[in-house]
Amino acid sequence: MGARDRDRFSTATRLRLLGEQTAARVYRSQTKRQARRSRLTGRAALLVLVLCTMIVALAYPMRQYVTQRAQISDLQRQKQQAEQRVEQLRDLKARWQDDTYAEQEIRRRLHYVMPGETGYTVVDPGTARQSRADLKAAQRPWYANVWDGVDKSDASDQ
């Protein structure tokens, strides 16, 4: 065995060869990754560009669609409320066409009495007190009452 053979089997030589092989593998894998990365990046950029274009192109029509759907639901709700109101008014009209109902309402609202009946009106005590205050206002000059009314309306606005 010569010096060459000894060097071939020495630990230092083996470690150096192993390091060179490892470095070559790492270099190859890095160049493959870089090559792959550059192709993937171009494709990814194109894909992102296409997706952004699609989103921008569809944004306005989708907004219009959502707005119109909301308007349609509002109009359907209004239609349903109007139909309910029409039904209530039809019921009220049918009731007013009944003579007994009309008579009851006339007696209740207008305080009418039938011939031979005696009508009574009950006065609320709070209303009577208020009328006494109106009597005091009647004894004052008219311009003082007007000015008090202006003051009360200003106080109610605040």
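Please refer to the structure placed before this passage.
As the structure is a prediction and not an experimental result, all values here were calculated from the model.

### Section: helix α3 (residues 99–110)
Piece 1. An ideal rise of 1.5 Å per residue puts 16 Å on 12 residues; α3 measures up with 16 Å between its terminal C-alpha atoms.
Piece 2. Of the positions making up α3, those classed as buried are Y101, A102 and E105. When α3 is viewed along its axis, its buried side chains cluster within an angular range of 95 degrees and face the same direction. Exposed and facing more than 90 degrees away from the buried side of α3 are D99 and Q104.
Piece 3. A positive backbone phi angle near 60 degrees is found at H111, which sits one or two residues after α3.

### Things to note about the pattern of salt bridges
Piece 1. Following the criterion strictly, the structure yields 7 salt bridges and no others.
Piece 2. Residues D74 and R77 are paired through a salt bridge, measuring 3.8 Å at the closest nitrogen-oxygen approach. Taken together, the residues span about one helical turn, with D74 and R77 both in helix α2 (residues 11–96) at a distance of 3 residues.
Piece 3. Among the residues examined, D74 registers a relative accessible area of 36% and is labelled partly exposed.
Piece 4. Between E105 and R109 there is a salt bridge, and its shortest N-O distance comes to 3.0 Å. In this pair, E105 and R109 are both assigned in helix α3, 4 residues apart and thus about one turn of the helix distant.
Piece 5. Through salt bridges with shared partners, a single ionic network connects E103, R107 and E117.

Conventions adopted
- Residues numbered from 1 in each chain as written.
- Predicted model: local features only at pLDDT ≥ 70, side-chain atom pairs only at ≥ 80, totals over all residues.
- Heavy atoms only, no water.
- Helix = DSSP H or I, 4+ residues; strand = E, 2+ residues; numbered from the N terminus.
- Expected span 1.5 Å × (residues − 1).
- Buried < 20%, exposed > 50% of the residue type's maximum accessible area, 1.4 Å probe, protein only.
- Arc of directions from axis to C-beta.
- Salt bridge = Lys/Arg side-chain N within 4 Å of Asp/Glu carboxyl O.

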